[in-house]
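Listed below, chain by chain, are the residues.
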Amino acid sequence: MRYEIRVEGHMSETLAGLFPELDHVVMSGQTVLFGPIVDDAHLYGLLARCQSLGLRVVEMRQLPE
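First things first, this report covers the structure right here in the doc. All of these numbers come straight from a predicted model, not from anything done at the bench.

Right, let's get into the sheet that holds strand E3 (residues 30-36). Pairing within the open sheet is antiparallel, and its four strands lie in the order E2-E3-E1-E4. Of all the strands in the sheet, just strand E2 (23-27) and strand E4 (57-63) have a single pairing partner and so form its edges. Along the sheet, successive strands turn relative to each other by an average axial angle of 20°, direction set aside. Here E2 pairs with E3 via five bridges, running antiparallel. The partner of Val 26 across the bridge, within E3, is Thr 31. Most of the contacts of helix H2 (residues 40-52) go to E4, to which it runs at about 160°, and overall it touches strand E1 (2-8), E3 and E4.

Shown next, in the form of structure tokens:
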């Protein structure tokens, strides 16, 4: 599965580096993290990581394979 997670604002390279399994790009005032997600536990772990870092997730969606 591949997912895209959009968070509000521009994440620094240091902050984005805390998501080494995902690529990222900044666009339209949001940072888009994207890449493969192994399973549901991985996905929920990423969301928990966002929450613990104070990131506001504005959108999440599964990408076509």
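From this point, things continue past the structure.
Okay, the side chain of His 42 next. With respect to the helices, strands and loops of the structure, His 42 is situated in helix H2. If we ignore the near neighbours within four places in the chain, the residues touching His 42 are Glu 21, Pro 36 and Ile 37.

Let us now look at the pattern of salt bridges. All chains considered together, the criterion is met by five salt bridges. Here Glu 4 and Arg 6 are joined by a salt bridge, their closest N and O atoms 3.1 Å apart. The residue Arg 61 makes a salt bridge to Glu 4 at a minimum N-O spacing of 3.2 Å. Of the two residues, Arg 61 sits in strand E4 while Glu 4 sits in strand E1, which places them 57 residues apart along the sequence. The buried category is assigned to Glu 4, whose relative accessible area is 9%. Within the structure, one salt-bridge network assembled from shared partners comprises Glu 4, Arg 6, Glu 59 and Arg 61.

Rules and cut-offs
- Residues numbered from 1 in each chain as written.
- Predicted model: local features only at pLDDT ≥ 70, side-chain atom pairs only at ≥ 80, totals over all residues.
- Heavy atoms only, no water.
- Pairing = 2+ DSSP bridges.
- Helix = DSSP H or I, 4+ residues; strand = E, 2+ residues; numbered from the N terminus.
- Axes fitted to C-alpha atoms, helices over the stretch in contact; angles between N-to-C directions.
- Contact = heavy atoms within 4.5 Å.
- Salt bridge = Lys/Arg side-chain N within 4 Å of Asp/Glu carboxyl O.
- Buried < 20%, exposed > 50% of the residue type's maximum accessible area, 1.4 Å probe, protein only.

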